[in-house]
Amino acid sequence: MSNFFEELKKRLQVWHEERAARIEDRRQAELDAEARVAVQVMEYGGELFACVNGIPLFGVSDLKGTLPEAVAHARRNYKDWKEEKLWERNGTTRVSTVS
C-alpha cells in the first residue's frame with residue numbers, strides 16, 4: 001500500500017513540474033510576442049530608428065558612440081518626436097525660423 005502512495009506522490013510531482021514548465025513556456029511566449037510588438041525598427045524622418053511602442057529612440061547613427069551619448073540621443077529623439085506629436089494634435093505645423 002505504501003508503494004502505491006509513493007508512486008502516486010512521484011507521479012503528482014512530475015505532473016506539477018511539467019505543468020509549471022508549460023505555464024512558464026506560455027508566459028515566455030506571451031512576453032516574446034509583446035516585445036516584438038513593443039520594440040521594432042521603423043523609418044522616421046528618413047532614418048531608421050529602434051522604436052518602443054512606436055516612439056523612435058535610437059537612430060542608426062546614434063549607436064556609434066558611447067552608451068551615455070546614445071542615451072542622450074535617444075532622449076533628444078524622444079523629445080523631438082513628442083514635440084512633433086503635440087504640434088500635430090494642435091493642428092499646426094512647425095515653421096523653422098533658422099535662416
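See above for the structure.
What comes next concerns the included structure. Bear in mind that the values here come from a model prediction, so they are computed numbers and not experimental data.

About the cut-offs
Residue positions are given per chain, counted from 1 along the sequence in the order it is written. The predicted origin of the model limits local features to residues at a pLDDT of at least 70 and limits the giving and counting of side-chain atom pairs to 80 or more, whereas totals for whole chains, interfaces and linings rest on all residues. Hydrogens are left out, water is left out, and the side-chain values use all remaining heavy atoms of the structure. Comment: elements are numbered from the N terminus, with helices defined as DSSP H or I runs of at least four residues and strands as E runs of at least two. Working rule for helices: expected span equals 1.5 Å times residues minus one. Think of it in three bands: with a 1.4 Å probe and only protein chains considered, a residue is buried below 20% of the maximum accessible area for its type, exposed above 50%, and partly exposed in between. Residues are treated as being in contact if the distance between any of their heavy atoms lies within 4.5 Å. Between Lys or Arg on one side and Asp or Glu on the other, a salt bridge is scored when a side-chain nitrogen of the former is within 4 Å of a carboxyl oxygen of the latter. A strand pair is defined by DSSP finding two or more bridges across the two strands. For helices, the fitted line uses only the C-alpha atoms of the stretch in contact; every axis is such a line through C-alpha atoms, and the angle between N-to-C directions lies from 0 to 180 degrees. Patches here are clusters of residues that have more than 30% relative accessible area and form no salt bridge, with a 9 Å joining cutoff for like charges and a 5 Å cutoff for nonpolar side chains (Val, Leu, Ile, Met, Phe, Trp, Tyr). In short, Shrake-Rupley with a 1.4 Å probe defines the accessible areas, and a residue's cover is counted only from the protein chains shown.

1. Thoughts on helix α2 (residues 67-90)
Here's step 1: Its 24 residues place the ends of α2 35 Å apart at the C-alpha level, agreeing with the 34 Å of an ideal helix rising 1.5 Å per residue.
Here's step 2: Those residues of α2 not exposed but buried are A70, A74, N77 and W81.
Here's step 3: Of the surrounding elements, those touching the buried residues of α2 are β1 (39-44), β2 (47-52) and β3 (55-59).
Here's step 4: With its phi angle positive at about 75 degrees, G91 sits one or two positions after the end of α2.

2. Some details on the environment of A29
Here's step 1: Within the secondary structure layout, A29 lies in helix α1 (residues 2-38).
Here's step 2: Classification of A29 as partly exposed rests on a relative accessible area of 45%.
Here's step 3: In sequence terms A29 and V14 are 15 residues apart; their C-alpha atoms lie 22 Å from each other.

3. Re the pattern of salt bridges
Here's step 1: Under the criterion given, the structure shown has 4 salt bridges.
Here's step 2: One salt bridge connects R27 with E24, and the closest N-O pair in it is separated by 3.0 Å. Here R27 and its partner E24 are both found in helix α1, 3 residues apart, which amounts to about one turn of the helix.
Here's step 3: Given the relative accessible area of 33%, E24 is considered partly exposed.

4. Concerning the sheet that holds β2
Here's step 1: The strand order across the open sheet formed by 3 strands is β1-β2-β3, and the pairing between neighbours is antiparallel. Lying at the two open borders of the sheet, with one neighbouring strand each, are β1 and β3. The sheet shows a mean angle of 45 degrees between the axes of neighbouring strands, taken without regard to direction.
Here's step 2: Judged from the 6 bridges that link them, β1 and β2 form a sheet pairing that is antiparallel. Counted as the bridge partner of V39 is V52 from β2.
Here's step 3: The sheet strands contacting α2 are β1, β2 and β3, and the helix crosses β3 at an angle near 150 degrees.

5. Considering a nonpolar patch on the surface
Here's step 1: Where nonpolar side chains cluster on the molecular surface, the patch consists of M1, F4, F5, L8, L12 and W15 and spans about 690 Å² of accessible area.
Here's step 2: With respect to the helices and strands, M1 occurs in the segment before α1.
Here's step 3: On the basis of relative accessible area, M1 is assigned to the exposed category, the value being 74%.

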